[in-house]
Amino acid sequence: MMEKMFWFCTYHFTILPVIAMLPVFAVLGCLIPAVLYQAGSRQSIVERLREAE
């Protein structure tokens, strides 16, 4: 939209940064739930139910 308003502006979408960040986000997407699961599984079921209230 800005490109149409201002004739001197151009927009170039670069896919390389997206491709470069995909492995980082994939690792974080697997690592964070695994770490949180490990932290949560150390507590007993009763303790987890008490925290949920």
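Note: the structure precedes this text.
Values in this document were obtained by computation on a predicted structure and should not be read as measured data.

Q: Is there a simple way to explain the overall build of the protein chain in this structure?
A: Within the protein chain, the secondary structure is distributed over three helices and zero strands. Going residue by residue from the N terminus, the α and β elements of the protein chain occur as α-α-α. In terms of overall size, the protein chain is more extended than a compact globule, its C-alpha atoms giving a radius of gyration of 22 Å where 53 residues would be expected to give roughly 10 Å. Out of the 53 residues belonging to the protein chain, those deemed buried represent 0%. Between the averaged position of the 4 positive side-chain charges in the protein chain and that of its 4 negative side-chain charges there is a distance of 4 Å.

What counts as what
Residues numbered from 1 in each chain as written. Predicted model: local features only at pLDDT ≥ 70, side-chain atom pairs only at ≥ 80, totals over all residues. Heavy atoms only, no water. Helix = DSSP H or I, 4+ residues; strand = E, 2+ residues; numbered from the N terminus. Rg over C-alpha atoms; globule rule 2.2 N^0.38 Å. Buried < 20%, exposed > 50% of the residue type's maximum accessible area, 1.4 Å probe, protein only. Lys, Arg positive; Asp, Glu negative; His and termini not counted. Charge placed at Lys NZ, Arg CZ, Asp CG, Glu CD.

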